[in-house]
Structures are given as C-alpha cells and as structure tokens.
Amino acid sequence: MIILFTDFGAHDIYVAQVKAELLQHSPSAVVVDLLHNAPNFRVEAGAHLLAALQARFPAGSVFLAVVDPRVGTDRDAIILQADEKWYVGPDNGLLSVISARAAQRRTWRIIWRPQRLSSSFHGRDLFAPVAAWIARGEFPQDNVQEVPDLQVRLGPDDLAEIIYVDHYGNALTGLRASGVPRSAVLALGEHRVPFARVFAEVSTGSAFWYENSIGLVELAANGASAAALLGAKIGDAVHVESK
Amino acid sequence: MIILFTDFGAHDIYVAQVKAELLQHSPSAVVVDLLHNAPNFRVEAGAHLLAALQARFPAGSVFLAVVDPRVGTDRDAIILQADEKWYVGPDNGLLSVISARAAQRRTWRIIWRPQRLSSSFHGRDLFAPVAAWIARGEFPQDNVQEVPDLQVRLGPDDLAEIIYVDHYGNALTGLRASGVPRSAVLALGEHRVPFARVFAEVSTGSAFWYENSIGLVELAANGASAAALLGAKIGDAVHVESK
Amino acid sequence: MIILFTDFGAHDIYVAQVKAELLQHSPSAVVVDLLHNAPNFRVEAGAHLLAALQARFPAGSVFLAVVDPRVGTDRDAIILQADEKWYVGPDNGLLSVISARAAQRRTWRIIWRPQRLSSSFHGRDLFAPVAAWIARGEFPQDNVQEVPDLQVRLGPDDLAEIIYVDHYGNALTGLRASGVPRSAVLALGEHRVPFARVFAEVSTGSAFWYENSIGLVELAANGASAAALLGAKIGDAVHVESK
C-alpha cells in the first residue's frame, strides 16, 4: 500500500501526476490518499499530524510524504524505515517526529536523480519513482546512501499547538492524549476548555476537549465548529492547566 | 464494490483511515467514494440523497453509509440488505428511506464490537470491518442479530425540501420527478420556478426545474448558481404548484 | 488507465456515478482522477490545461474529458486518438488543442446511444461506457463513424490567458514556456512580473513567473498566493514583454 500525505491539494492537478508515475513503476500498487490538504508550507504541524496518523496503517506501508516549501534547493531527499513502515520525502523535518519516536529506524539519502527533474515537483519526479520501487519490493540500493540520521530533526516531543483544523471545525493539537489527565483544562487564548468523552455528552454549541480517534488532544464542539467558537487556527499555542 | 457515503469530508484525514481498514480486511476490494460531503449532521437529507443515488450501483454493492451525529451513544449499528444491495451504518434514519422503499429487505443489528473502539469514529472501527467482510462474501453471522426492522424509520415518502446543493449551485430536492407533472411550478420562498428539459433550453441566468440524472426534481440555472439566484439552502421547503 | 478530466467537482455526487459505470463495463480498469475542478463551463481554458497535462500520462491512456455546458443539445460526441492516447468527450473544442498539436490523429463520431440517456449527464451515460470499452481493448467499431476532423476547432496556438488557479494561488497560463525567453517580463493588468527559476530564489511575498512542472508559464509567489497578490483570475489576458 502506498499512502500519500501532501499539501498538493485534494482537488488540484498534482495528485494524479504523482499517481500516474507510481502506477508506471508499480502497476499493481494500491494507492491511498491520506491527506492532500496538509497545512501548506507548515512542516512542523505536518510532522506531528503524520506521526499520529501513520499508526493506523499496517506494517509494510510506504508513505510518500511531501510538504516541501524548499523544493528545488539543496535540501536532501530521504528514505526512512521506522518500525517496519517506509517513508519517502524531503529532509526538512517532516519525517523527523516519526523517526525520533521510532523504536527501530534506518535512514538513507537518495542520490539518484531522474533524467527529467522539474525544479518544483519532486513529489512526481523523484519521490514517486522511489516510493514505487520500494512498494514493489525493490529497494534502490545503488541509488541511495545510508546515513546515521536525518539532517533536520524536530525531536520526539509533543507540540502544544493547533496542528490541523478538520472540515467540521475540530481543532487537533500536537499533544498526545495519553499524557494529559482527563481532569486537565485546555487553555487557548482567553478560552478554558474542559474534557468530555463524546460529543453527545456536552450541550449543543459547547466546546470540550477529548482524545480523538488518532490519540491526540482535540478541541471540539457539539454540533458546531470549535475553531470558529474558539478562534482557533493552525499554529496557535495551547496550554494544559491542572485543575 | 464498496461504496462510501459519509460526511467525513472529501479532503480530510478520515476517509483514508476507513480505506486502510477496508483493505486490511478485504485486500482486493474496489472502493468507490460516492460522497464524503453529505450534509453534516443532516440525517434526513442524507437518507433521501442516498436513496436516489444507490439506484446507479449494481446488485451486490456494499454501501458504507455514515452520517452519525450521535456516534458514541447507544444508537444501534445495523446491516440492511435491500433489493440485492448491502448497507452498513448507524440506525438513526439514514438507511430508513431505502429500507421503506425496498421490495425485499432484511435487517440485522451488529452486536460485534472491535477490541479498539474509539468513541468518535465507528466508521473506521466498527462499520468498515463489517462492510469488508460482506464485500469478500463472509457475512458475519455470529456477530449479528436479525431484527424485524430498523428502530428509527423516516418512511418511504418524498421529502419536499432542498437536500443537497452541488458545486455548480444546483439545488436537489427530495422529490422524485416521476411524481411531479412537467406543467407544475416549483415554489421556493418568494420564487416560482418553471420546468425545462435541459440547461440550454432556458436563457442564461434563468432558473428552472428539471428531472436530474438521478431522478430527482432539481432547481438549476443556465450558466449560473440556482442556489445563489434563489437563496436556496439545505432544509428549505419547496412546494409543487399546479398551473 | 482511464483518466478523468471534468468539471464535475472533486467532492460532489457525480464522479462516483461515472466510476461505477466504468467499472461495470471494465471491472479491472485503473481509474485516475486527473481533475474534477476544471473551470466550470470554460471549454477553452480546459482545452489548454488538458493539452499540457496529458503529456505526463503514458501511451495507451484513455482520457474521459467532460466540460460540457451544451450537454443535451445536438453537439457531437467524439473519440479522438492522438499520438497513441485516446480521448472521449464532447465535440465542443475541449479536445481540439490536443488534436491540432498531435503528430498523428484519428477522429470518430459516436453514433451509439444508450437505452437510458439522461439529458444532463452524458459523462456517465454515454462517454463512460465508450471509454471503458476502449480501455479493455474493444474499440466500438459498429457504434462510431470515422470523420476527417473535429467540428469545433480552437487550433494549436498558445492561449495568452490565465487558464487555471491552483490551491496555492499559482496562476497557470496557456503559454508554453519553451516559447518564452527567460529575459521576458510577464504583464498582467498593471503588474509586471519577472522570471525566477524556483520559489526559494525570490523573497517571500514576491511574484515571479517560471516554467512549471507541466511546461507552462505560471505566475507564482514565494510563500503567498500569486492570484491574490496580482488579482489574477481565469480568463485574464497576459502579455509577454521583451526587456
């Protein structure tokens, strides 16, 4: 399974070009669109979101992960193998949270370059062929160089910020819920938000935080947009306050 | 074929998690995204929209249908077999229009619960595995209980409301066009809208109603957004007036 | 590979109906969504965009291309074979730029009509079955009539207009970059936009033009929306000025 995590836009002209490239190199690959609306240019938010999401996919999955504002510069292209899953993308921090949290990992710099390499679309020209080779079981040994670690490293720690706002208006944070006591109150600007277990537990229009389905602390509201209610946007700081 | 009809958002983080689950349980399944922008929390509108859309899919299709504002409460999870198609989803009315109109139907309550059941994402944790089992031909006999009928029943009648607005601005109603004479005028608030057969039959910017491609009465406009022109939004009442 | 290029909307109810039809006629087809947000009703912009995009897909690809404001009138339905790729769609100009630029081409009028032909959705009822037959290697010889050329012809020339704005706010033109010297300045209204090779080469918030990943002249801005910065929208004229 090849899983796409990008900021290419879900309804734009880029994803299909990546898929055509994947299918030419790995015709029987199953390709799943995980997210193409990763926050534009926001590498750190994307790194924490992908770290939480990858847990839902089986061992052997190959992730093509591209949020790459510095495409066309000298940032490296890398392959990461972490806990039996594969990741292909830029060495700009995007894969570094997964790497730092992995029990087992190996990292390779991609030295191969395609004959036609556009300056703006390495997702199609460089990362897609490499991901397709790995997906069909042919690791490109001669085209990579093993390295001890990534160059850009954000570390394993949680990120106490809003990292994503979904289409319901739920605001996901980079905090893993396992580390936050249910008695805690979440502070976002002027707002103090208490815990609830499910949406139906609070009154309509009220905000709460809960452990979402990928294990993160999420600000939500029953039948309403928490982001609108709380004025939450990507990058806003949140604080955990003990009661 | 597994067909997804949800309000999970077409460009959000939820659909891929459902697909990963489906593919783990039914690796060769063909999965088709019917709609992920079903009106949020609007069970009745979704029920009528799905009832019209399902007619275009072949016998044997398995629909995973989730518009589920009360996820995490005690509402039942069900399997419906209606006229040789399968439906898996919450017992909250969403499948009840299809059930009420079917010539032949059977209904089962899902008693199985997965080991890891999130409180907010039964689409992934509960409905997806069940849909995948059915798609690969293994009805989960030991994990269900046949019941005489759904608990929440909206009945077979048409819904004289706007149930969906498409990206062109066309406003679909819950009225089946076969029951509405071409001479009728459709009333929406102050507006009176006449019939036309095709878009090119009316002048640019004029609104009309017609039988759309899934058999429903639809308010449209030539080269313009009928919803903007008429101020139509989901839930607005429409009336059929004889001339 | 069947490739979809339409204005049906990426998150609307139409694409899945087309796919269900394709899969019923060609169960093992690989279907790729190239673009479903082609500019609504804008046949000329769509023709130039598709002409640039098709180059990324392999020989043998079958394109289902539908931007069809006159659906339900007497415009023809056609099959175009151009440089070893197949195209199925309306004869309204949408395929004519590809046709005019092709080294080798054949054109057929589709005379077959399905039993159930809706007046508004030929993409599903007429074009999808034909595309599926071609994709599975069964050219519908008895249902077509070879013709010398398309009826509506826009010619092979570039289009000096904005033809598409992507989700980053980059504004694509219908100018092929191979014909524009890097020293040229691009004029759009009051604005004069210089060339740069990659995004990271200009300061944040500055607009530039560059050869994009499909060979077109594109107006972009580093870390910002060029469309917002320049007030660019589809249909706006651009001029190439020599320095």
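Undergrad: Honestly, the confidence of the model for chain A in this entry has me stumped. Any pointers?
TA: Predicted coordinates in regions of low pLDDT should not be interpreted in detail. Confidence along chain A averages 94 in pLDDT terms, with 100% of residues attaining 70 or more. ipTM for the predicted complex: 0.92, alongside a pTM of 0.94.

Undergrad: Got a minute to help me understand the relation of the copies chain B and chain A in this structure?
TA: Between the two copies of this chain, the relationship is a rotation about some axis together with a displacement along it. Note on the copies: chain B fits chain A at an RMSD of 0.0 Å, the axial shift is 0.0 Å, and the rotation between them is 120 degrees. Seen this way, the second copy is the image of the first under a three-fold rotation axis. Looking at chain B, a mere 4% of its interface residues are interface residues in chain A too, so the copies touch through different faces.

Undergrad: Any chance you could explain the packing of aromatic side chains here in plain terms?
TA: Centre distance and the angle of the planes are the two values used to describe a pair of aromatic rings. Applying the stated criterion to the full structure yields 33 aromatic pairs over all chains. Seen from their ring centres, B:Phe57 and B:Phe63 are 5.7 Å apart, and the 85 degrees between their planes marks the pair as edge-to-face. Exposure class is identical for B:Phe57 and B:Phe63. Each is buried. Consider the rings of C:Phe8 and C:Phe121, whose centres lie 5.4 Å apart with planes at 85 degrees: the pair is edge-to-face. Residue C:Phe8 is located in the loop between β1 (2-6) and α1 (15-25), and its partner C:Phe121 is located in the loop between β6 (105-110) and α4 (122-135); the two are separated by 113 residues in the primary sequence. Comparing C:Phe8 with C:Phe121, the two get one shared label, buried. Counting every residue linked through ring pairs, the aromatic cluster contains A:Phe8, A:Tyr14, A:Phe121 and C:Tyr168.

Undergrad: Honestly, the sheet that holds strand β11 (residues 191-193) of chain A in this entry has me stumped. Any pointers?
TA: Backbone-to-backbone hydrogen bonds pair the strands of a sheet. The strands run either parallel or antiparallel. Residue and element names in this part refer to chain A. Strand order in the open sheet formed by 3 strands is β11-β10-β14, and the pairing between neighbours is antiparallel. Either end of the sheet is taken by a strand with one partner, and the two such strands are β11 and β14 (239-241). With direction set aside, neighbouring strand axes in the sheet form an average angle of 30 degrees.

Undergrad: Would you mind showing me how to read the environment of B:Ile3 here?
TA: All names here are of chain B. Secondary-structure assignment places Ile3 in strand β1 (residues 2-6). Along the sequence, Ile3 and Phe41 sit 38 residues apart, while their C-alpha atoms lie 20 Å from each other. In this structure Ile3 touches Val32, Leu34, Phe57, Ser61, Val62, Phe63 and Leu64, once residues within four positions along its chain are discounted.

Undergrad: What am I meant to see in the interface of chain B and chain A here?
TA: Accessible area lost upon the coming together of the parts is a frequently used measure of interface size. Facing the 27 residues of chain B at the interface are 27 residues of chain A. Looking only at chain B, the three residues that lose the most surface to chain A are B:His11, B:Asp12 and B:Ile13, adding up to 24% of its buried area. Remark: the boundary between chain B and chain A carries 2 salt bridges. The partner of A:Arg56 in a salt bridge is B:Asp125, and the shortest N-O contact between them spans 3.6 Å. Summed over the shared surface of chain B and chain A, the result is 9 residue pairs in polar contact (both at pLDDT 80 or more).

Undergrad: Just to check I follow, could you spell out α4(C) for this structure?
TA: One turn of an α-helix holds 3.6 residues; hence residues three or four places apart share an orientation. Residue and element names in this part refer to chain C. In this model, α4 (14 residues) spans 18 Å end to end at C-alpha, consistent with the 20 Å of a helix rising 1.5 Å per residue. Along α4, the sharpest change in direction is near 40 degrees and occurs at Ala128; proline Pro129 comes one to four residues later. Within α4, 13 of the 14 residues are buried, leaving the element largely enclosed by the surrounding structure. Phi turns positive one or two residues past the end of α4, at Gly137, with a value near 85 degrees.

Undergrad: Got a minute to help me understand helix α1 (residues 15-25) of chain A in this structure?
TA: Counting buried residues along α1(A), 9 of its 11 residues qualify, which places the element largely inside the surrounding structure. For α1(A), the complete set of buried residues consists of A:Val15, A:Ala16, A:Gln17, A:Val18, A:Lys19, A:Ala20, A:Glu21, A:Leu22 and A:Leu23. Packing partners of the buried residues in α1(A) comprise β1 (2-6), β2 (31-35), β3 (62-66) and α4 (122-135) of chain A together with β2 (31-35) and α2 (43-53) of chain C.

Undergrad: I'm lost on the relation of the copies chain B and chain C in this one. Help?
TA: If you rotate chain B by 120 degrees and push it 0.0 Å along the axis, it lands on chain C with an RMSD of 0.0 Å. Each copy contacts the other with its own distinct surface, as only 4% of the interface residues of chain B are interface residues in chain C too.

Undergrad: Looking at this structure, how should I read the pairing of strand β13 (residues 216-221) of chain B?
TA: Consecutive side chains along a regular strand alternate between the two faces of the sheet. All names here are of chain B. Judged by how many residues are buried, β13 sits mostly within the fold: 6 of 6 residues are covered. The side-chain alternation of β13 yields two buried faces, one formed by Leu216, Glu218 and Ala220 and the other by Val217, Leu219 and Ala221. Bridging between strand β9 (residues 171-176) and β13 involves 3 bridges; their strand directions are antiparallel. Looking across to β13, one finds that Arg176 is bridged to Leu216. Bridge analysis of strand β12 (residues 207-211) against β13 gives 5 bridges, and the strand direction is antiparallel. Bridge pairing links Phe208 to Ala220 in β13. In textbook terms, the turn of a hairpin is the stretch between consecutive antiparallel strands, and for β12 and β13 this stretch comprises 4 residues, one of which, Gly215, has a positive phi near 85 degrees.

Undergrad: Any chance you could explain the environment of B:Val238 here in plain terms?
TA: Residue and element names in this part refer to chain B. In this fold, Val238 is placed in the loop between α5 (226-230) and β14 (239-241). On the basis of relative accessibility, which here comes to 2%, the residue Val238 falls in the buried class. In sequence terms Val238 and Ala200 are 38 residues apart; their C-alpha atoms lie 24 Å from each other. With sequence-adjacent residues up to four places away left out, Val238 is seen in contact with Ala160, Glu161, Ile162, Thr173, Leu175, Leu186, Ala187 and Leu188.

Undergrad: Explain the interface of chain B and chain C to me, please; I cannot follow it from the model alone.
TA: Opposite the 27 residues of chain B that make contact, chain C presents 27 residues. Note on chain B versus chain C: buried area summed over both sides is about 2300 Å², and carbon and sulfur give 58% of it. Area buried by chain B at its contact with chain C is led by B:Arg56, B:His167 and B:Tyr168, which between them contribute 29% of it. Our enumeration of links across chain B and chain C arrives at 2 salt bridges. Measuring nitrogen to oxygen at the nearest pair gives 4.0 Å for the salt bridge that ties C:Glu21 to B:Arg56. On inspection of chain B and its partner chain C, the count reaches 9 residue pairs in polar contact (both at pLDDT 80 or more). Those elements that provide at least two residues to the side of chain B that touches chain C are β2 (31-35) and α2 (43-53) of chain B.

Undergrad: Is there a simple way to think about the sheet that holds strand β13 (residues 216-221) of chain A in this case?
TA: Residue and element names in this part refer to chain A. Overall, antiparallel pairing links the 4 strands, which are arranged β8-β9-β13-β12 in an open sheet. Since the sheet does not close on itself, it has two edges, and those belong to β8 (159-165) and β12 (207-211), each with one partner. Across the sheet, the mean angle from the axis of one strand to that of its neighbour is 30 degrees, orientation sign disregarded. Across the sheet, helix α2 (residues 43-53) touches β8, β9 (171-176) and β13, and the angle it forms with β8 is around 85 degrees.

Undergrad: Help me understand unusual backbone geometry, please; the structure alone is not making it clear to me.
TA: For residues other than glycine, phi is negative in most cases, and the peptide bonds are mostly trans. Residues and elements named next belong to chain B. Here Asp83, not a glycine, exhibits a phi torsion of approximately 50 degrees, which is positive. Relative to the assigned elements, Asp83 resides in the loop between β4 (77-82) and β5 (85-90). Among the residues examined, Asp83 registers a relative accessible area of 35% and is labelled partly exposed. Of note, Glu84 is a non-glycine position whose phi angle comes to about 70 degrees, a positive value. Residue placement: Glu84 occurs in the loop between β4 and β5.

Undergrad: What am I meant to see in the packing of α1(A) against α4(A) here?
TA: The description of two helices packed together rests on the angle between their axes and the distance between the axes. All names here are of chain A. Two numbers describe how α1 lies on α4: the axes approach to 8 Å, and their chain directions differ by 35 degrees. Pair α1 / α4 crosses with right-handed handedness. For the pair formed by α1 and α4, the contact residues are Gln17, Val18, Glu21, Leu22 and His25 on the first element and Gly123, Arg124, Ala128, Pro129, Ala131, Ala132 and Trp133 on the second. A per-class count over the contact of α1 with α4 returns 7 nonpolar, 3 polar and 2 charged.

What counts and what doesn't
Residues numbered from 1 in each chain as written. Chains lettered and ligands numbered in written order. Predicted model: local features only at pLDDT ≥ 70, side-chain atom pairs only at ≥ 80, totals over all residues. Heavy atoms only, no water. pLDDT = per-residue confidence, 0-100. Least-squares fit on C-alpha atoms with pLDDT ≥ 70 in both. Contact = heavy atoms within 4.5 Å. Phe/Tyr/Trp six-rings, centres within 6.5 Å; stacked < 30°, edge-to-face > 60°. Buried < 20%, exposed > 50% of the residue type's maximum accessible area, 1.4 Å probe, protein only. Helix = DSSP H or I, 4+ residues; strand = E, 2+ residues; numbered from the N terminus. Pairing = 2+ DSSP bridges. Axes fitted to C-alpha atoms, helices over the stretch in contact; angles between N-to-C directions. Buried area = accessible area lost by both parts, 1.4 Å probe. Salt bridge = Lys/Arg side-chain N within 4 Å of Asp/Glu carboxyl O. Polar contact = N/O pair within 3.5 Å; in protein donor to acceptor, adjacent residues only side chain to side chain. Expected span 1.5 Å × (residues − 1). Bend = angle between axes of the 7 residues up to and from the residue. Left-handed = near helix turned anticlockwise from the far one by under 90°. Nonpolar A, V, L, I, M, F, W, Y, C, P; charged D, E, K, R; others polar.

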